[in-house]
Amino acid sequence: MKRTEFVIITGASGTGKTTALKTLEDIGYYAVDNLPVDLLHAFAHLVETGHPDISRAAMVMDIREPDLQTRFPVVIESLKDSGYKVIVACLETSMDALQKRFSETRRVHPLDPASPLSEALQREHELIKPLSDAADIHIDTTDLNPHELKKLIRRRFGGTDKDGRMVLTFVSFGYKLGLPREADLVFDVRFLPNPFFVEGLKDRDGRDPEVRRFIEMSDGTEEFLEKLENFLSDLIPKYAGEARGYLTVAIGCTGGRHRSVAVVEKIAEKFSDNTLVNVQVRHRDLREE
């Protein structure tokens, strides 16, 4: 029997679930919005046995369905135990960002239109927790506009590129702004000297030649890069051998502007000629991008 990949998108209202589902549909997933949880087993069986042309399916499931939070984890576990390939992705956004999005669009909250927005958001946050706990992937959409979310979803679920290569994404970030939830591997470069305290470098970022030169010439950088390259070079064939479509490596420093950016740029260069991967770079906390 063929193995269809089922991606279930969940999360609170306003986190970008519709955008995510449409993006998955654009890259070849059979898309269903608001599929009742009680039909999930039947749908998975029907797709795998009766539709050989569907190799990937995606659906949104959220609190529009009453009592979903109590049944969802049980059904997902049952599907996985039955041998289905299921990935649950939970989209998450900060309360402040959700409040701003609802205010900008002047939408009422679908959970309870009569209640103050803050109360409806908090109630939904509590209801969605069991769905979040059952998720395999957490995607933080707080700082993403729709275009950026589409790019992230394409990178995460697009699978291999047109040449069959795994998509290897290097992400720089600042620890003071939190870990990237999409990261598979995380490395900390806060042990390196910080250009923030060097006159003339503070207001530049890690893509600047002078900043890169300062970091690359610092004690510990060359050794770290060599060990990281060897580590990833050993892992990549193993991931690719499992037919994995993507691998996201996050590298963090304090603010996400200098050390992590420079190291991502350098390590990405080292893998640019690797025939197994399609290298992508994202600097999460460079706000001007």
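Preceding this section is the structure that the text describes.
Residues numbered from 1 in each chain as written. Predicted model: local features only at pLDDT ≥ 70, side-chain atom pairs only at ≥ 80, totals over all residues. Heavy atoms only, no water.

**Comments concerning empty space enclosed by the protein**
Following the criterion strictly, the structure yields one cavity of 30 Å³ or more and no others. Volume-wise, the largest cavity comes out at about 50 Å³. For the lining of the largest cavity, the elements supplying multiple residues, two or more each, are α6 (146-157) and β6 (166-174). Broken down by element, the residue count for the lining of the largest cavity peaks at three residues, all from α6. Broken down by class, the residue content of the lining of the largest cavity amounts to two nonpolar, two polar and three charged. (1 Å grid on protein atoms, 1.4 Å probe; cavity = no way out; pocket = protein on both sides within 12 Å on 5 of 7 lines; lining within 4 Å. Points joined across faces, edges and corners; volume = space filled by probe spheres on them. Helix = DSSP H or I, 4+ residues; strand = E, 2+ residues; numbered from the N terminus. Nonpolar A, V, L, I, M, F, W, Y, C, P; charged D, E, K, R; others polar.)

**Description of the sheet that holds strand β8 (residues 246-253)**
Two pairing modes exist for strands in a sheet, parallel and antiparallel, and in both the strands are linked by backbone hydrogen bonds. On the basis of which strands lie adjacent, the open sheet formed by four strands has the order β7-β8-β6-β9 and parallel pairing. Looking at the sheet topology across the chains shown, the edges are occupied by β7 (185-188) and β9 (277-283). Strand-to-strand, the axes of this sheet are offset by a mean angle of 20 degrees, without reference to chain direction. Of the strand pairs in this sheet, β6 and β8 are connected by eight bridges, and their pairing is parallel. Considered in β8, the bridge of F173 is made with G252. Sitting on the sheet, helix α9 (residues 259-270) is in contact with β6, β8 and β9, with an inclination near 160 degrees to β6. (Pairing = 2+ DSSP bridges. Axes fitted to C-alpha atoms, helices over the stretch in contact; angles between N-to-C directions. Contact = heavy atoms within 4.5 Å.)

**Focus: the pairing of β6**
With nine of its nine residues buried, β6 lies for the most part within the structure. Side-chain alternation along β6 places M166, L168, F170, S172 and G174 on one buried face and V167, T169, V171 and F173 on a second face that is also buried. Where β6 and β9 come together, seven bridges link them in parallel fashion. Following the sheet pairing, T169 is matched in β9 by Q280. (Buried < 20%, exposed > 50% of the residue type's maximum accessible area, 1.4 Å probe, protein only.)

**Notes on α6**
Since the α-helix turns once every 3.6 residues, residues separated by three or four places project in the same direction. In this model α6 runs 16 Å from its N-terminal to its C-terminal C-alpha over twelve residues, within 8% of the 16 Å that 1.5 Å per residue would give. Along α6, the residues that are buried comprise L149, L152, I153, R155, R156 and F157. One side of α6 carries all its buried residues, which in axial view fall inside an arc of 165 degrees. Two to three positions downstream of the cap, the backbone nitrogen of H147 sits 3.0 Å from a side-chain oxygen, assigning the N-cap of α6 to N145. (Expected span 1.5 Å × (residues − 1). Arc of directions from axis to C-beta. Polar contact = N/O pair within 3.5 Å; in protein donor to acceptor, adjacent residues only side chain to side chain.)

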